[in-house]
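Letter by letter, the chains look like this.
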Amino acid sequence: MTALENDARNAGAQVGLDANTLTIRGGRPLSGRIEIKGAKNLVTKAMVAALLGESPSILRDVPNISDVQVVRGLLEVHGVKVSEGDEPGSLRLDPSAVESAHMVDIDAHAGSSRIPILFCGPLLHRLGEAFIPDLGGCRIGDRPIDYHLEVLGRFGAVIEKLPSGIRMSAPEGLVGAKIELPYPSVGATEQVLLTAVRAKGKTELSGAAIEPEIMDLINILQKMGAIIAVDTDRVIRIEGVDRLEGYSHRALFDRNEVASWAAAALATNGDIFCGGARQPEMTAFLNVFRRVGGAFEIEDDGIRFFHPGGELKPVVIETDVHPGFMTDWQQPLVVALTKATGVSIVHETVYEQRFGFVDALVKMGANIQLHSECLGAHHCRFGQRNFLHSAVISGPTELHGADIEVPDLRGGFSHLIAALTAVGTSRVSNVGIISRGYENFLTKLEQLGADFTIEN
Ligand code: EPU
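Quick question: what am I supposed to make of the overall build of the chain here?
A count of helices and strands for the chain gives 14 helices and 23 strands. The C-alpha atoms of the chain give 22 Å as radius of gyration, which agrees with the globular expectation for 456 residues (23 Å, within 12%). Taking the principal axes of its C-alpha atoms as reference, the chain extends roughly 65 × 50 × 45 Å. Across the 456 residues in the chain, those meeting the buried criterion constitute 60%. Looking at the chain alone, contacts between residues at least 24 apart form 75% of all its contacts between residues at least 6 apart. Taken as a whole, the chain presents about 17000 Å² of accessible surface, with 49% of it coming from carbon and sulfur.

Now the structure itself:
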């Protein structure tokens, strides 16, 4: 099977992914140009927003990833007609026949995705009820939904826990509320936005997340007819309206994918141009990339990332909510840090268990210790809770080939990079998970000159 056929099959798999394996012969620099499409973490929410419109929406630059297929399936079981849009890679979403779906169908289409929770606000407005099955997502800690349920309750949703999931209803309709999040959660902020835009009256959200993907969701909702103001202090004010129309929108590029390929360029001594990448959403990453010793050139149509020669330098970083250093950027970068001369520290403050991927790196020869203390400038929520959420990476170390298994999306990409930098051959299993968030990653690896074969 070719890389292209395998990418297409993985992205098309709606429930569960083919657990397939790559044999990677490391040591070749990755070099060339790849194109980056819309952000997974925006596109999937933009597709849900289409449920709120009284007319069809058009979304452009939709990546060919399995998380998009999952949301497409979920929209279709709710009666939304999804078809190709007005150019390749675009979708037309027609919500004129939205209907309730059975829990078992939602469950079957949701797979391991957490997206169904974001259907609740729009479905409560349109149908007066919503169901969500038990939710999955990457294995990176508990990933609870307590903020979501609290938020929906504040709008007036009645929440009933059933053995198979949760049923919600809104017998009185939903009404705007004053809400304060205990932590700037991306998902809970999106929940508030998708619910408040059609709720009766005003909503004030404080402690909101302000990630660029959230700002782009706000752009979309404003195009649909919503009234949303964003203050500088994490306060978002929304005035509910009676009716929203469809939107036409080109999605923000995937900055997590860009950071991943940039780290791959650095770790493999390579040179990768990411077409479609832009500077403003990547500032925090670019600063760290430069401090480690990577080089970049910002062009109108993308960003070139390369290893300029010389030693890589150690860094101390803390992951954080925007505008900080994103949690999704640390896993690929840690592989590059194994090549840096000296001791680096990564303090993960967003998820309590996001270092599961380092076991494989250690097996390959990396020198990484995990600690439960907060090894950073700040104490985070996980400091007193025995979670191994600080990593100390000593380098430089040479990685050697090994048999490793992909644990989750971002950790999986870091495993690919590790195998690509390693001396010798690695077998990386369960790589199907990576197509949840990286469009055509096997084809891109081939274009960039990676030496690998696909086992099935
Ligand atoms: N949290 C709660 N209760 C909740 C919701 C969140 O305690 O009800 C906690 C989480 O457990 C976590 C923290 O709040 O410790 C932040 O979670 P957040 O809600 O911000 O994350 P999310 O919306 O579930 C999105 C992305 C993640 C990304 C985070 C942080 C999507 C589909 N997922 O998750 O992306 O890491 O924001 O930016 O948008 C990925 O792409 O690989 C990925 C995991």
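How should I be thinking about the site of the ligand in this particular structure?
Around the ligand sit 24 residues in total, of which Lys45, Asp146, Ser185, Val186 and Val350 are the nearest. Between an oxygen atom of the ligand and a side-chain N or O atom of serine 185, the distance comes to 2.6 Å. Arginine 410 places a polar side-chain atom, nitrogen or oxygen, 2.8 Å from an oxygen atom of the ligand. Calculation on the ligand without its partners gives an accessible area of 830 Å², and the protein chains cover 91% of this total. Elements with a minimum of two residues in the shell around the ligand: helix 2 (40–49), helix 6 (146–154), helix 7 (186–196), helix 11 (327–337) and helix 13 (409–421).

I keep staring at the side chain of threonine 21 and nothing clicks. Help me out?
By the element assignment, threonine 21 lies in strand 1 (residues 21–25). Accessibility expressed as a relative area gives 11% for threonine 21, which makes it buried.

So what exactly am I meant to see when it comes to the pairing of strand 7 (residues 158–162) here?
Look at any regular strand and the pattern is simple: side chains alternate between the two faces of the sheet. Sheet topology note: the strand 7/strand 8 (residues 165–169) ladder contains five bridges and is antiparallel. In the strand pairing of strand 8, isoleucine 159 is matched with methionine 168. Here strand 7 folds back onto strand 8, and the loop between the two strands holds two residues.

In this structure, what is going on with the side chain of histidine 78? I would like to understand it.
When you line up the elements, histidine 78 lands in the loop between helix 3 (66–77) and strand 4 (81–84). Note on histidine 78: relative accessible area 4%, which makes it buried. When near neighbours in sequence (up to four residues on either side) are disregarded, histidine 78 contacts Ala97, Val98, Glu99, Ser100, Ala101, Ile106, Phe119 and Leu123.

Looking at this structure, I do not really get the sheet that holds strand 20 (residues 390–395). What am I missing?
Paired through their backbone hydrogen bonds, the strands of a sheet run either parallel or antiparallel. Judged by pairing direction, the sheet is mixed, and its four strands sit side by side in the order 17-18-20-19 without closing on themselves. Looking along the sheet, the strands with just one partner apiece sit at the ends: strand 17 (316–318) and strand 19 (367–371). Taken over all neighbouring pairs, the strand axes of this sheet differ in orientation by 15° on average, direction set aside. Taken strand by strand, helix 11 contacts strand 17, strand 18 (342–347), strand 19 and strand 20, and its axis lies near 170° from that of strand 18.

How should I be thinking about the packing of aromatic side chains in this particular structure?
Each aromatic ring pair is summarised here by two numbers: the centre-to-centre distance and the angle between the ring planes. Scanning the entire structure with this criterion turns up 10 aromatic pairs. Aromatic pair phenylalanine 285 and phenylalanine 325: ring centres 6.2 Å apart, planes at 25°, arrangement stacked. Of the two residues, phenylalanine 285 sits in helix 10 (residues 283–292) while phenylalanine 325 sits in the loop between strand 17 and helix 11, which places them 40 residues apart along the sequence. Neither residue differs from the other here; phenylalanine 285 and phenylalanine 325 are each classed as buried. Between phenylalanine 413 and tyrosine 438, the ring centres sit 4.4 Å apart and the planes meet at 20°, which makes this aromatic pair stacked. Taken together, the residues span a long stretch of sequence, with phenylalanine 413 in helix 13 and tyrosine 438 in the loop between strand 22 (425–429) and helix 14 (441–447) at a distance of 25 residues. Note on phenylalanine 413: relative accessible area 1%, which makes it buried. For tyrosine 438, a relative accessible area of 0% gives the class buried. Ring-pair connections join several aromatic residues into one group, and the members of that group are Phe285, Phe289, Phe305, Phe325 and Trp329. Here the basic side chain of arginine 304 rests over the ring of phenylalanine 306, its NZ or CZ set 3.7 Å away from the ring centre. The residue whose ring lies beneath arginine 381 is tyrosine 183, and the NZ or CZ to ring-centre distance is 3.6 Å.

Rules used throughout
Residues numbered from 1 in each chain as written. Predicted model: local features only at pLDDT ≥ 70, side-chain atom pairs only at ≥ 80, totals over all residues. Heavy atoms only, no water. Helix = DSSP H or I, 4+ residues; strand = E, 2+ residues; numbered from the N terminus. Rg over C-alpha atoms; globule rule 2.2 N^0.38 Å. Buried < 20%, exposed > 50% of the residue type's maximum accessible area, 1.4 Å probe, protein only. Contact = heavy atoms within 4.5 Å. Areas by Shrake-Rupley, 256 points an atom, 1.4 Å probe, with all protein chains shown as cover. Near = heavy atom within 4 Å. Polar contact = N/O pair within 3.5 Å; in protein donor to acceptor, adjacent residues only side chain to side chain. Pairing = 2+ DSSP bridges. Axes fitted to C-alpha atoms, helices over the stretch in contact; angles between N-to-C directions. Phe/Tyr/Trp six-rings, centres within 6.5 Å; stacked < 30°, edge-to-face > 60°. Lys NZ or Arg CZ within 6 Å of the ring centre and 35° of its normal.

Keep in mind that these numbers describe shape and distance, not what the molecule does.
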